[in-house]
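So the chains spell out like this:
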Amino acid sequence: MTPPAIHRVTTLDLVVHPFAWPFAQQRRAEIDAHFAARQRERPKLWNGRVLLGRDARFSGGRLAASFFETDFASFLAWRDWGFPDHSVFNGFGMGALRASDGAFVLGEMGEHTANAGRVYFPSGTPDLDDINGDVLDIPGSVARELEEETGLTPADYRCDPHWHCVVTGPAIAMIRILDADMPGEAVRSRIEANLKQQVHPELAAIHLVRDSSDFRPSMPRFVTAFLEQQLASA
């Protein structure tokens, strides 16, 4: 397996263009049947509109790519079937919340979600709410996902100016460190209090990572690769 590549960039140049995805068109009936089966397993799954990427290019501290709109059912089938179309990628932002004592704060996805049990930073596949004009606003997406999942707002953290783009096959995780002025246990307690107030919280648990002994098998490789790099440089 090819190890993840991590590109440190300051500029995200992500433009949204119309594109008719051949995979979604040619396998429509199979995709719909697959989504119906997944929805029977997790009735709260919703076939909304999401954005996937094409033609990613790294150069001079910049990531440029084109994004297009598709339905969640097509994305889910593409993912579940082992990413059969290699011309597209799942590009998404993640907020790597770091507490004042150096602990990273991650969430465990709830059973009703499409990624049940997975442990990673607040994130989400971009959707139409993340488009500003014809630009994909990943910083805005990160802020929105973090607030929806944890209740924390931009007033609660400071954004690092850089992005750590972790490339693992069909995924590019655009990770930004968000520094909070609270120790790890205080951050966890605050998020847990917020989750108790939500009717259907996306997160089932909050985990702190201070060293590699805190890694879990349910963490995706792009998360552990980023954490390994950060912990080694701490």
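Just above sits the structure.
Since this is a predicted model, take the numbers as computed values, not measurements.

**Q** Help me understand the overall build of the chain in this model?
**A** A count of helical and extended segments in the chain gives six helices and 13 strands. Computed over the C-alpha atoms, the radius of gyration of the chain is 17 Å, within 12% of the 17 Å expected from 2.2 N^0.38 for a compact globule of 234 residues. Taking the principal axes of the C-alpha coordinates as reference, the chain spans close to 50 × 45 × 40 Å. The buried share among the 234 residues of the chain stands at 48%. Nonlocal contacts in the chain, meaning residues at least 24 apart in sequence, comprise 70% of its contacts between residues at least 6 apart. About 10,900 Å² of surface is accessible on the chain, with carbon and sulfur atoms providing 50% of the total.

**Q** For this particular structure, what's the right way to read the pattern of salt bridges?
**A** A side chain of one charge can pair with a side chain of the opposite charge when the charged atoms of the two come close. A complete count under the given rule lists 18 salt bridges for this structure. Between R27 and E30 there is a salt bridge, and its shortest N-O distance comes to 3.1 Å. For R27, a relative accessible area of 27% translates into the label partly exposed. Judged by relative accessible area, which is 41%, E30 ranks as partly exposed. Between R190 and D156 there is a salt bridge, with its nearest N and O atoms 3.1 Å apart. On the criterion of sequence distance, the pair formed by R190 in helix 5 (residues 184–197) and D156 in the loop between helix 4 (138–150) and strand 10 (157–159) is long-range, its members being 34 residues apart. What makes D156 buried here is its relative accessible area of 19%. Counted as one network, the salt bridges with shared partners bring together D127, D130, R144, E145 and E148.

**Q** It is not clear to me how helix 3 (residues 72–80) should be interpreted in this structure. Could you clarify?
**A** Given 3.6 residues per helical turn, the α-helix brings residues three or four places apart onto the same face. Counting buried residues along helix 3, seven of its nine residues qualify, which places the element largely inside the surrounding structure. Within the span of helix 3, buried status applies to F72, A73, S74, F75, L76, A77 and W78. Tucked inside the fold, the buried residues of helix 3 contact helix 1 (22–26), helix 2 (28–41), strand 3 (49–59), strand 4 (62–71) and strand 5 (88–98). One or two positions beyond helix 3, positive phi appears at G82, with a value near 85°.

**Q** How should I be thinking about the pairing of strand 5 in this particular structure?
**A** Burial within strand 5 is extensive, with 10 of its 11 residues counted as buried. Where strand 3 meets strand 5, two bridges bridge the pair, whose relative direction is antiparallel. Paired with R54 across the two strands is V88, which belongs to strand 5. In terms of strand pairing, strand 5 meets strand 12 (residues 171–180) through nine bridges, oriented parallel. Paired with F92 across the two strands is A173, which belongs to strand 12.

**Q** Where do I start with the pairing of strand 11 (residues 163–168) in this structure?
**A** One face of the sheet, then the other: side chains in a regular strand alternate in exactly this way. Counting buried residues in strand 11 gives five out of six residues, a clear majority hidden from the surface. Taken together, the five bridges between strand 1 (residues 5–9) and strand 11 define a ladder with antiparallel strand orientation. Counterpart to A5 in the pairing with strand 11 is V167. Alignment of strand 11 against strand 12, held across five bridges, turns out to be antiparallel. Among the inter-strand pairings, T168 is bridged to a residue of strand 12, identified as A171. Between strand 11 and the antiparallel strand that follows it, strand 12, lie two residues; G169 among them carries a positive phi value of about 60°.

**Q** Can you walk me through the state of the cysteines in this structure?
**A** Such a bond, covalent and formed between the sulfur atoms of two cysteines, is termed a disulfide. Under the counting rule described, the total for this entry stands at zero disulfides. Not engaged in a disulfide, the cysteine C159 finds its nearest cysteine sulfur in C165; these two sulfurs lie 15 Å apart. A relative accessible area of 43% means that C159 is categorised as partly exposed.

About the thresholds
- Residues numbered from 1 in each chain as written.
- Predicted model: local features only at pLDDT ≥ 70, side-chain atom pairs only at ≥ 80, totals over all residues.
- Heavy atoms only, no water.
- Helix = DSSP H or I, 4+ residues; strand = E, 2+ residues; numbered from the N terminus.
- Rg over C-alpha atoms; globule rule 2.2 N^0.38 Å.
- Buried < 20%, exposed > 50% of the residue type's maximum accessible area, 1.4 Å probe, protein only.
- Contact = heavy atoms within 4.5 Å.
- Areas by Shrake-Rupley, 256 points an atom, 1.4 Å probe, with all protein chains shown as cover.
- Salt bridge = Lys/Arg side-chain N within 4 Å of Asp/Glu carboxyl O.
- Pairing = 2+ DSSP bridges.
- Disulfide = S-S within 2.5 Å.

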